[in-house]
Amino acid sequence: MNAQLSPLPANNELDAFWMPFTANRQFKSGPRLLARAEGMHYWTADGREIMDGVAGLWCVNAGHGRREITEAVTKQLGTMEFAPTFQMGHPIAFELANRLSEIAPPNLDRIFFTNSGSESVDTALKIALAYHRAKGAGQRTRFIGREKGYHGVGFGGTSVGGMVNNRKAFASAMLPGVDHLRHTLDIEHNAFSRGLPQWGAHLANELERLIGLHDASTIAAVIVEPISGSGGVLLPPVGYLKRLREICDKNDILLIFDEVITGFGRIGKPFASLAFDVTPDLMTTAKGITNGAIPMGAVFAHRKIYDACMQAPEGSIELFHGYTYSAHPVACAAALATLDIYKKEGLLTRAASVSPLWEDALHALRGLPHVIDIRNYGLIGAVELEPRAGKPGARAFEIFVKCFERGIMVRQTGDTIAMSPPLIIEPKQIAQLIETLGEVIREVA
Ligand code: PXG
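The text that follows walks through the structure, step by step, so that each part is easy to find. (Residues numbered from 1 in each chain as written. Predicted model: local features only at pLDDT ≥ 70, side-chain atom pairs only at ≥ 80, totals over all residues. Heavy atoms only, no water.)

Remarks on helix α5 (residues 117-134)
Then, number 1: With 18 residues, α5 should reach 26 Å at 1.5 Å per residue; the first-to-last C-alpha distance of 25 Å fits that figure.
Then, number 2: Of all the 18 residues making up α5, 13 are buried; the element is thus mostly covered by neighbouring parts of the structure.
Then, number 3: In the segment just after α5, Gly 136 is the residue with positive phi, at about 80°. (Helix = DSSP H or I, 4+ residues; strand = E, 2+ residues; numbered from the N terminus. Expected span 1.5 Å × (residues − 1). Buried < 20%, exposed > 50% of the residue type's maximum accessible area, 1.4 Å probe, protein only.)

Observations regarding the nonpolar core
Then, number 1: Counting residues in each nonpolar core, the largest one holds 66 residues, and the members touching the most others are Leu 96, Leu 100, Phe 113, Phe 300, Ile 399 and Leu 437.
Then, number 2: It is helix α13 (residues 329-344) that contributes the most residues to this core, eleven residues altogether.
Then, number 3: Excluding its chain neighbours within four sequence positions, the residues that come into contact with Phe 300 are Leu 100, Ala 104, Leu 108, Arg 110, Ile 111, Phe 271, Asp 281, Leu 282, Met 283 and Thr 285.
Then, number 4: Within the second largest apolar cluster, 32 residues are counted, among which are Ile 253, Ile 267, Phe 276 and Ala 418. (Core = buried A, V, L, I, M, F, W, Y, C linked by side-chain atoms within 4.5 Å. Contact = heavy atoms within 4.5 Å.)

Side note on the pairing of strand β11 (residues 371-377)
Then, number 1: The buried count for β11 comes to five of seven residues, which makes it a mostly enclosed element.
Then, number 2: Between β11 and the antiparallel strand that follows it, strand β12 (residues 380-385), lie two residues; Gly 378 among them carries a positive phi value of about 55°. (Pairing = 2+ DSSP bridges.)

Notes on the side chain of Ser 159
Then, number 1: Here Ser 159 lies in helix α6 (residues 155-160).
Then, number 2: A polar side-chain atom of Ser 159 sits 2.8 Å from the main-chain amide nitrogen of Leu 175.
Then, number 3: Setting aside chain neighbours within four positions, we find Ser 159 in contact with Arg 167, Met 174, Leu 175, Val 178 and His 180. (Polar contact = N/O pair within 3.5 Å; in protein donor to acceptor, adjacent residues only side chain to side chain.)

Re the site of the ligand
Then, number 1: Taken together, the neighbourhood of the ligand is formed by 15 residues, with Trp 58, Gly 117, Ser 118, Asp 258 and Arg 411 sitting nearest.
Then, number 2: Here an oxygen atom of the ligand sits 2.6 Å away from a polar atom, N or O, in the side chain of Trp 58.
Then, number 3: Within the side chain of Ser 118, an N or O atom sits 2.6 Å from an oxygen atom of the ligand.
Then, number 4: Across the complex, the protein chains shield 86% of the 540 Å² of accessible surface that the ligand would expose by itself.
Then, number 5: Contributing elements (two or more residues each) for the shell around the ligand: α2 (55-58) and α5.
Then, number 6: Each residue belonging to the shell around the ligand can be placed in one class, and the counts come to five nonpolar, six polar and four charged. (Near = heavy atom within 4 Å. Areas by Shrake-Rupley, 256 points an atom, 1.4 Å probe, with all protein chains shown as cover. Nonpolar A, V, L, I, M, F, W, Y, C, P; charged D, E, K, R; others polar.)

Section: the sheet that holds strand β13 (residues 408-409)
Then, number 1: Spatial ordering of the open sheet is given by β1-β2-β3-β13, a layout of four strands whose pairing is mixed. Every interior strand has two partners, whereas the edge strands, β1 (34-38) and β13, have only one.

Remarks on the sheet that holds strand β9 (residues 282-285)
Then, number 1: In spatial order, the strands read β4-β10-β9-β8-β7-β5-β6; together these seven strands make up an open sheet with mixed pairing. Two strands lie at the open edges of the sheet, namely β4 (110-114) and β6 (178-181), each paired on one side alone. Adjacent strand axes in the sheet meet at a mean angle of 20° when their direction is disregarded.
Then, number 2: Across five bridges, β4 lies against strand β10 (residues 297-301) in antiparallel orientation. Residue pairing in the sheet places Ile 111 in a bridge with Phe 300 of β10. (Axes fitted to C-alpha atoms, helices over the stretch in contact; angles between N-to-C directions.)

A look at the packing of aromatic side chains
Then, number 1: By the definition in use, this model includes seven aromatic pairs.
Then, number 2: Pairing Phe 21 with Tyr 150 gives two aromatic rings, centres 6.2 Å apart and planes at 75°, and the pair type is edge-to-face. Taken together, the residues Phe 21 in the segment before α1 (24-29) and Tyr 150 in the loop between β5 (142-146) and α6 connect sequence positions 129 residues apart.
Then, number 3: Phe 21 sits in the exposed class, given a relative accessible area of 61%.
Then, number 4: An aromatic cluster is built from Phe 264, Phe 271, Phe 300 and Tyr 342, whose rings are joined through pairwise contacts.
Then, number 5: Here the basic side chain of Arg 48 rests over the ring of Phe 404, its NZ or CZ set 5.5 Å away from the ring centre.
Then, number 6: Geometry around Tyr 306 places Arg 110 over its ring, the cationic atom sitting 5.4 Å from the centre. (Phe/Tyr/Trp six-rings, centres within 6.5 Å; stacked < 30°, edge-to-face > 60°. Lys NZ or Arg CZ within 6 Å of the ring centre and 35° of its normal.)

It is worth stressing that arrangement in space is one thing and function is another; only the former is reported here.
The structure is reproduced here in structure tokens:
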């Protein structure tokens, strides 16, 4: 597969595309262009094979180029390319909601469709407000997020998020009344823990402190990622999420799990909430719902929330919220085909059986130069590097670039290298991925 796959843009043709979350000028002086994908691999525009260590961007859980999805999408485009879902409906939207409700955590079986993780988050925050209002508690307007959390880029998601670079330029436009729990990363206590760290469940008690400060009666919801992805793969200490659930229950505060990354099999169960046995009131998803093939997101709401909102007068719209493309028929077709693949190939639970091997492979990198922590759960892994003095992120960025040159794609966030391969990854591919990363880490000073 060495033939050039598509015409390369000349360097002066790269300016029009203002790239997201990208160092545009740096990228455009040495572009990394992907042109084709199949199974576990991408091919660059000049024909090099790259193993995908991040499932695209944490979304291509069943691997690339799945024919079944392509066929379902093609068929749907030929049958009905668009249909509205405002005061109208189309059958596969209902079919998809029913299918999702079958794999949902207990009672989280009312599904609101969006087009991305960011929209799912903003939708969930709005549903939380609408729920309290419907229950006569409209004064509950505060949200509690967490440091280093990532909840997309809408104003709501940015406000509850906790990554400083994503917030600082927009500080004046953040939602009022948002507070944050401290994050759960503690390398001093938990370095190189395999799976969930033992130390740190008590960090959840900080929610009680924030409740003491603001009063429970002002707080609508707490939102956390069960495992933070973008913030650098931060794991919940054993017992931490259960404790958050208890405190929320005691204070009538809704608990929202942002499962945009952890959903759809990433950690060995359909959702992290099932893996950790903690059921939130709202769950946000996207990415793996369509294997990344067509944009789509979904908010899973507890029945009690849907039912409370359905108390509005008969004939009135219960929730003044929705997107032109909510339950877009082509996205629904892609999602249904994706769920079929997940089921047929057991992919929603496969990470559980592969993760011991994944864990061993990753932890073999312990002891390499500058490696200060390794974190893993399910098919998520992260290697934390010591930052270069005065140049945060530089070492990890160099490793990311070198990995790409050597034929593996990983993600860099700060001084963390994160990995989340397609759930179809085979043992020898795990070995290749981690060995290549190890070679690069040895070379980069
Ligand atoms: N919530 C979580 C937990 C996410 O990880 C979003 C919301 C937003 O989703 P959309 O579809 O609006 O991008 C995300 C997105 C990375 C990386 O590797 C992670 C995401 C996006 C881009 C890069 O750091 N997650």
